[in-house]
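Residues per chain are reported as follows:
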Amino acid sequence: MNQPVQERPLMRAGRPTPKGRTPSSQARDTVQRLCGDLPAQRDLLIEHLHRLQDALGGVTRDVLAALAERLRLSQAEVYEVATFYRHFRVLDEGGVAPRVTVRVCTSTPCAMAGARDLLARVRAAVGDDATVAVEAAPCLGQCHRAPAAWVGQRQVAPAEASALVALAAQGDTSPRPLPASGAPAQPHDYAQFERLLRGELRPIDVLRELEASGLRGLGGAGFPAWRKWATVAGQPAPRYGVVNVDEGEVGTFKDWHTLAYEPRAALEGMLIAAAVVGLERVWIYVRDEYPDVRALLQQELQALQARLLTWRQRYPAAFGAPHPHTPGQRPLLPAAGPVIELRRGAGAYVCGEESALIESLQGRRGWPRLRPPITAVCGVFGRPTLAHNVETLWWLPTVLRDGGAAWAAAGVRGRSGWRHYSVSGRVRQPGCYRLPAGSTARELIEAAGGMAEGHRLYAFLPGGASGGILPAALADVLLDFDTLAEYGAFVGSMALIVLSEADRARDVAVDMMRFFAHESCGQCTPCRAGTTQALALMQAPAWDQGRLADLSQVMRDASICGLGQAAPNPIDSVLRYFAHEVTP
């Protein structure tokens, strides 16, 4: 599945080793033993680091120097990548790595469920045992089972201190099975993709159904899917694809749920996109906090390779190279099918932004790119790239099965289609709910069983950490793209976090700003310094509203990416709707 993508080395060809310290023979042997089967490609730097981190529990500067030598990179670049991602532990000279790391989520939904007390109890139980590291962590994507934790590579939700300590002591840290793990093949698996291979559907037919459906990118931006496809398809080959499974937005777990229960629909959507747009390579980028999903996808991709072999034999006309004498015509897929590569994030919320994700795919720090050019024109390795989140692709087989117009008609109040919503916080049954587009917060709360016992609705976050905080009086406003702008909010990743009268909006806003300050990539000053200054100002009993408003505007106007531009939303929401909480 892996084919080398060549990129110019960052070191002069005449130098056999990078500048800097000379690695020890032991470090060289360690890197070779753990990473020898990986191609020595610059874009696989993060995959190399994962191999070392998983086996050693941390990486020394000696090992980093040996890795730089293997990949023919400067030691400075290897070090800056290793220290950018929080899941790599760079050890000081003489430092000893822990045997296992326990991470407890302290983001808002988990904090409501007692996560901070859980963290304290785990730390107390571990005591002075240096072989076990206990850390607070941002959202683990298990908000519906709060409080959540992560022991090694095993997610635990809901988590109890005794269970976490026992898992760490036993070393039982491998990924847990998911509902779809080992699921047998079904007759409907990849049925719409096979219609394409048989010629029952043409690429233009798919684009027409996609346009009729009104399906939009459901990762946050909401750009019409058909238009993105048409843009990428119109670019010169080779064209690439990216599936974004890095949903790090606080309160968001719908893509985890989709893959945990029905991964093949998303993979089928990916193949349909590859065939229609003409994608030669596709990368699936899975956040490191989802080891269970990554293991499941590894199994599914192995099975998919066997299916591709069968399809190549059954539908030979759909596979092959473009004929030079008929440049306007092409087979749907390369001769061996698209190259599909599973990549692993390393703990960086900013990599949910597609250009930062692409930088990470190429083995670099996850720094968002300046635009233009857009990803559809210049994406992975400078090639035109189609980037989608999981849910967008997951809906494609349904759209083609039922027809675009029928799918669009499912929406209510003038909206098109269906949505998956992550619902967490003060509700009876937190979970992922499928409702028509155009649904309201009140309807989502009702779908989740209503408010939790003894709680009354006070406020809600319509789009996770970035989407702002709205009062209960706005619970009947449509939660969809373009419907919340006049209220200073947006639906984003469609993660509804419900607050009750037991909560304060200002406390949630502080939590969100602490998250943004922690997750800022540090590339641009307005975000790096702005989130830090805002967090300090928000600690005061009475807020300096004028100064916070000025800071908010600067961050919106001057930040490079959506993180810095959206980080002020909780501030502005509190000042607009909950000023009584922050005034003397």
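Computed from a predicted structure; not experimentally measured.

### Examining the pairing of strand S7 (residues 239–245)
Part 1 of the reasoning: When you tally the buried positions in S7, you get 7 out of 7 residues, the bulk of the element.
Part 2 of the reasoning: Covered by surrounding structure in S7 are Arg239, Gly241, Val243 and Val245 together with Tyr240, Val242 and Asn244, the residues of both alternating faces.
Part 3 of the reasoning: Sheet topology note: the S7/strand S8 (residues 279–286) ladder contains 7 bridges and is parallel. Looking at the pairing, Val243 lines up with Ile284 of S8.

### Here's the deal with the side chain of Ser439
Part 1 of the reasoning: Turning to its location among the elements, Ser439 is positioned in the loop between strand S12 (431–436) and helix H17 (441–447).
Part 2 of the reasoning: There is a polar contact of 2.7 Å between the side chain of Ser439 and the backbone oxygen of Pro436.

### Focus: the side chain of Glu247
Part 1 of the reasoning: Inspection of the secondary structure assignment puts Glu247 in the loop between S7 and helix H11 (254–261).
Part 2 of the reasoning: For Glu247, which is buried and forms no salt bridge, the nearest opposite charge comes from Lys254, at a distance of 5.9 Å.
Part 3 of the reasoning: There is a polar contact of 2.7 Å between the side chain of Glu247 and the side chain of Tyr290.
Part 4 of the reasoning: Non-local contacts of Glu247, meaning those with residues more than four positions away in its chain, are made with Thr252, Phe253, Lys254, Asp255, Trp256, Arg287 and Tyr290.

### Notes on the sheet that holds S7
Part 1 of the reasoning: The parallel open sheet is built from 4 strands, whose spatial order is S9-S8-S7-S10. Edge strands, defined here as strands with exactly one partner in the open sheet, are strand S9 (339–344) and strand S10 (385–389). Going from strand to strand, the sheet's axes swing by 20 degrees on average, the running direction of each strand aside.
Part 2 of the reasoning: The strands that helix H13 (residues 291–314) touches are S8 and S9; relative to S9, the one it contacts most, it runs at about 170 degrees.

### Section: the pairing of S8
Part 1 of the reasoning: With respect to burial, S8 is a largely interior element, 7 of its 8 residues being buried.
Part 2 of the reasoning: Alignment of S8 against S9, held across 6 bridges, turns out to be parallel. By the bridge assignment, Ile284 is partnered in S9 with Leu342.

### Description of the packing of helix H2 (residues 45–56) against helix H3 (residues 61–71)
Part 1 of the reasoning: One way to put it is that H2 packs onto H3 with a least axis distance of 11 Å and a crossing angle of 145 degrees. At the point where H2 passes H3, the crossing takes the right-handed sense. Facing Leu45, His48, Leu49 and Leu52 of H2, the residues of H3 in contact are Val63, Leu64, Leu67, Arg70 and Leu71.
Part 2 of the reasoning: A class-by-class count of the residues in the contact of H2 with H3 yields 7 nonpolar, 1 polar and 1 charged.

### Things to note about the packing of helix H8 (residues 191–198) against helix H12 (residues 263–277)
Part 1 of the reasoning: Contact geometry of H8 with H12 gives a least axis separation of 8 Å together with a crossing angle of 20 degrees. One way to sum up the angle between H8 and H12 is to call them roughly parallel. When you trace H8 past H12, the crossing you get is left-handed. Within the contact between the two elements, H8 uses Ala191, Gln192, Phe193 and Leu196 and H12 uses Glu268, Leu271, Ile272, Ala275 and Val276.
Part 2 of the reasoning: Looking at the contact of H8 with H12 residue by residue, the class counts come to 7 nonpolar, 1 polar and 1 charged.

### Some points on helix H18 (residues 505–519)
Part 1 of the reasoning: The end-to-end C-alpha distance of H18 is 21 Å, a good match for the 21 Å that 15 residues give at a rise of 1.5 Å each.
Part 2 of the reasoning: Counting buried residues along H18, 11 of its 15 residues qualify, which places the element largely inside the surrounding structure.
Part 3 of the reasoning: Buried within H18 we find Ala505, Arg506, Val508, Ala509, Val510, Asp511, Met512, Met513, Phe515, Phe516 and Glu519.

### Observations regarding the state of the cysteines
The bond known as a disulfide is covalent and runs between the sulfur atoms of two cysteines.
Part 1 of the reasoning: Under the defined criterion, the tally for this structure stands at 0 disulfides.
Part 2 of the reasoning: Cys139 takes part in no disulfide bond, and the closest cysteine sulfur, belonging to Cys143, lies 3.5 Å away.
Part 3 of the reasoning: According to the relative accessible area criterion, Cys139 is buried, its value standing at 1%.
Part 4 of the reasoning: Here Cys378 is not cross-linked by a disulfide; its sulfur's nearest cysteine counterpart is in Cys351, at 17 Å.

Cut-offs used in this document
- Residues numbered from 1 in each chain as written.
- Predicted model: local features only at pLDDT ≥ 70, side-chain atom pairs only at ≥ 80, totals over all residues.
- Heavy atoms only, no water.
- Buried < 20%, exposed > 50% of the residue type's maximum accessible area, 1.4 Å probe, protein only.
- Helix = DSSP H or I, 4+ residues; strand = E, 2+ residues; numbered from the N terminus.
- Pairing = 2+ DSSP bridges.
- Polar contact = N/O pair within 3.5 Å; in protein donor to acceptor, adjacent residues only side chain to side chain.
- Lys, Arg positive; Asp, Glu negative; His and termini not counted.
- Salt bridge = Lys/Arg side-chain N within 4 Å of Asp/Glu carboxyl O.
- Contact = heavy atoms within 4.5 Å.
- Axes fitted to C-alpha atoms, helices over the stretch in contact; angles between N-to-C directions.
- Left-handed = near helix turned anticlockwise from the far one by under 90°.
- Nonpolar A, V, L, I, M, F, W, Y, C, P; charged D, E, K, R; others polar.
- Parallel < 35°, antiparallel > 145°, perpendicular 65-115°, else oblique.
- Expected span 1.5 Å × (residues − 1).
- Disulfide = S-S within 2.5 Å.

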